[in-house]
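Below are the chains, spelled out letter by letter.
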Amino acid sequence: MARGFGGEVATYYARHRRGYPPAVLDALTAALALDADDTVIDLGCGTGQLTIPLAARVAAAIGMDPEPDMLAIARAAAVNGGRTNVTWLLGADDELAAVGRLLGPGTVGALTIAVAIHFMDRAAAFTAARSMLRPGGGVAVVTNGAPLWLQDTDWSGALRACLERLLGHPVTASCQTDEAGRRLNQEALVRAGYRYEESVVRYDAPLTVEDMVGGVFSAMSADQLPALERRAAFTAEVRDALGGREEVTERVHVWLQCGVLSP
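Asker: Help me understand the pairing of strand S5 (residues 133-144), please; the structure alone is not making it clear to me.
Answerer: A regular strand carries its side chains on alternate faces of the sheet. In terms of burial, S5 is largely enclosed, as 11 of its 12 residues are buried. Two elements, strand S4 (residues 108-113) and S5, share five bridges in a ladder whose sense is parallel. Looking at S5, one finds that Ala 110 is bridged to Gly 138. Handedness of the crossover joining S4 and S5 through helix H6 (residues 122-130) is recorded here as right-handed. Note: S5 against strand S7 (residues 247-260), seven bridges, orientation antiparallel. Bridging from a neighbouring strand, Val 141 pairs with Gln 257 of S7.

Asker: Would you mind going over the packing of aromatic side chains with me for this structure?
Answerer: What characterises a pair of aromatic rings is the spacing of the ring centres plus the angle enclosed by the ring planes. On inspection of all chains with the given rule, the structure shows three aromatic pairs. With a centroid separation of 5.6 Å and an interplanar angle of 50°, the aromatic rings of Phe 5 and Phe 119 are classed as tilted. Note that Phe 5 is positioned in the segment before helix H1 (8-16) and Phe 119 in the loop between S4 and H6, a separation of 114 residues in sequence. Taken together, the aromatic side chains of Tyr 12, Phe 217 and Phe 234 make up a single cluster linked through ring pairs. The residue whose ring lies beneath Arg 130 is Tyr 194, and the NZ or CZ to ring-centre distance is 5.5 Å. Its guanidinium or amino end placed over the ring of Trp 255, Arg 182 lies 4.0 Å from that ring's centre, counting from NZ or CZ.

Asker: Help me out: how do you make sense of unusual backbone geometry in this one?
Answerer: In terms of backbone geometry, most residues other than glycine have negative phi values and most peptide bonds are trans. Positive phi outside glycine occurs at Ala 33, with the angle close to 50°. Tracing the sequence through the fold places Ala 33 in the loop between helix H2 (22-31) and strand S1 (39-43). Ala 33 gets classed as partly exposed once you look at its relative accessible area, which sits at 45%. Located in the positive-phi region is Gln 176, a residue other than glycine, with phi close to 55°. On the secondary structure map, Gln 176 appears in the loop between helix H7 (154-167) and helix H8 (179-191). Under the relative-accessibility criterion, Gln 176 is labelled partly exposed at 27%.

Asker: For this particular structure, what's the right way to read the packing of H1 against helix H9 (residues 209-218)?
Answerer: Helix-helix packing is described using two parameters, namely the angle between the two axes and the distance between the axes. It is at 8 Å that the axes of H1 and H9 come closest, and there the two elements cross at 140°. With respect to each other, H1 and H9 are oriented oblique. At the point where H1 passes H9, the crossing takes the left-handed sense. Residues Val 9, Tyr 12, Tyr 13, Arg 15 and His 16 of H1 lie in contact with H9, whose contacting residues are Glu 210, Asp 211, Gly 214, Gly 215, Phe 217 and Ser 218. Considering only residue class, the contact of H1 with H9 consists of four nonpolar, four polar and three charged.

Asker: Would you explain helix H10 (residues 228-241) in this entry?
Answerer: Along an α-helix, a turn takes 3.6 residues, which lines up residues three or four apart on a common side. Between its first and last C-alpha atoms H10 spans 20 Å; for 14 residues at 1.5 Å apiece the expected length is 20 Å, and the two agree. Inspection of H10 places Arg 231, Phe 234, Thr 235 and Val 238 among the buried residues, and these make up the whole buried set. One side of H10 holds all its buried residues, which, seen down the axis, span an arc of 100°. Along H10, exposed side chains directed more than 90 degrees from the buried face belong to Glu 229 and Asp 240. Buried-residue contacts for H10 involve H1, H7 and H9. Backbone geometry just downstream of H10 places Gly 243 in the positive-phi region, at approximately 70°.

Reading the values: the criteria
Residue positions within a chain follow its written sequence, with the count starting from 1. Reporting in this predicted model follows two pLDDT cut-offs: at least 70 for local features of residues, and 80 or more for side-chain atom pairs to be given and counted; totals over whole chains, interfaces and linings ignore these cut-offs and use all residues. Only hydrogens and water are set aside when side-chain values are computed; all heavy atoms of the structure are taken into account. Using a 1.4 Å probe on the protein chains alone, a residue whose accessible area is under 20% of its type maximum counts as buried, one over 50% counts as exposed, and one in between counts as partly exposed. Numbered from the N terminus, helices here are DSSP runs of H or I no shorter than four residues, and strands are runs of E no shorter than two. A pair of strands is considered paired only if DSSP assigns at least 2 bridges between the two. Here the term right-handed applies to a crossover when the path leading from its first strand over the helix to its second strand runs clockwise, the strands being oriented away from the viewer. Here is the rule: rings of Phe, Tyr and Trp (six-membered ring for Trp) pair when centre to centre is within 6.5 Å. Planes less than 30 degrees apart are stacked, more than 60 are edge-to-face, and the remainder are tilted. Geometrically, a charge over a ring is one whose NZ (Lys) or CZ (Arg) sits within 6 Å of the ring centre while staying within 35 degrees of the ring normal. Under this scheme, a helix contributes an axis fitted over its contacting stretch, all axes are lines through C-alpha atoms, and angles between N-to-C directions fall in the 0 to 180 degree range. An angle below 35 degrees is treated as roughly parallel, one above 145 as roughly antiparallel, one from 65 to 115 as roughly perpendicular, and anything else as oblique. Two helices that cross are described as forming a left-handed crossing if the nearer one is turned anticlockwise from the farther one by less than a right angle, and a right-handed crossing if clockwise. Contacts were defined at the residue level, with two residues in contact if any of their heavy atoms lie within 4.5 Å. By the convention adopted, Pro, Cys, Tyr, Trp, Phe, Met, Ile, Leu, Val and Ala count as nonpolar, Lys, Arg, Asp and Glu as charged, and the other residues, Gly among them, as polar. How far a helix is expected to stretch is found by multiplying one less than its residue total by 1.5 Å. When we speak of the arc, we mean the arc of directions from the helix axis to the C-beta atoms.

Below you can see the structure in the form of C-alpha cells.
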C-alpha cells in the first residue's frame, strides 16, 4: 500500500471526502451480522470516515493506515466525537497477518477496506484475514462512489477538463471503482474461500465547488499538489466552467462487496 498522502493531502481528505450515510452502515452490519460484541478492523482507514461511524455499532474498532498524518486527524476526530472504543494502528496491508496473530483466531467480526483497496494486494489481505475472522463474519470492500472526475454528468465533465489542463494529460483513473475493479474484488474474495455477496446503496447529495476541488486534491500525493496560487486559480476555473454554480448534485453509488465466512 502506497504512502505519500500526508500533510495537506490528509487535511483535504478529512475536510472534503464524503462520508457514509446510515443506510451503508445498516447494510454492512446486516451482511456480516455485526453486533455490540464485535471487533472490526478498517484497513486503509484514512481519516476515519468509515471507522468512526462503524465503531458506534460494535464493541471496538481498529483503524489501520500507513500514513501517520491520516491517523492523527482520525484520532482527533474520534476524540472530538466522544468515540473512545477506537484504536489507531500505523500499518499497511502487508502487516495484516501479524495483527491477526496478535488478536488471535476468530476474534474479529469484519475487515473493512474502502477506496484504498486499489493500493493493496487483495489476495494476500483476504487470505490473511481468514484466520482472525469469526464464523459468519467476513471482509467488506466498500466503494464510495466513482471519482468526481469520472462521473456521467455535465459538472464532472467540466471538472475533468479543468483537471486535464492543470495536469497536462488525460485523466482517466478510476481508482478501480468501476465494474472491472469490482470484478477484481469479487474474484479475489471467491478465490480466498469466502461466500460472495454484494449490494449497493444509492443516494443524491449536494456537492459544493469547495468539496469538489478539495476532493481532487485529496487524491493527489503531497508532491503532486500545485502551489497555493495555482490551487486558487484552479478553483476559480472550475467555478467558471460550472457557469458560476457553487453547488451541484452528486448521484452516489456505494457498492458493498462482502466475502462471508460460513457460520
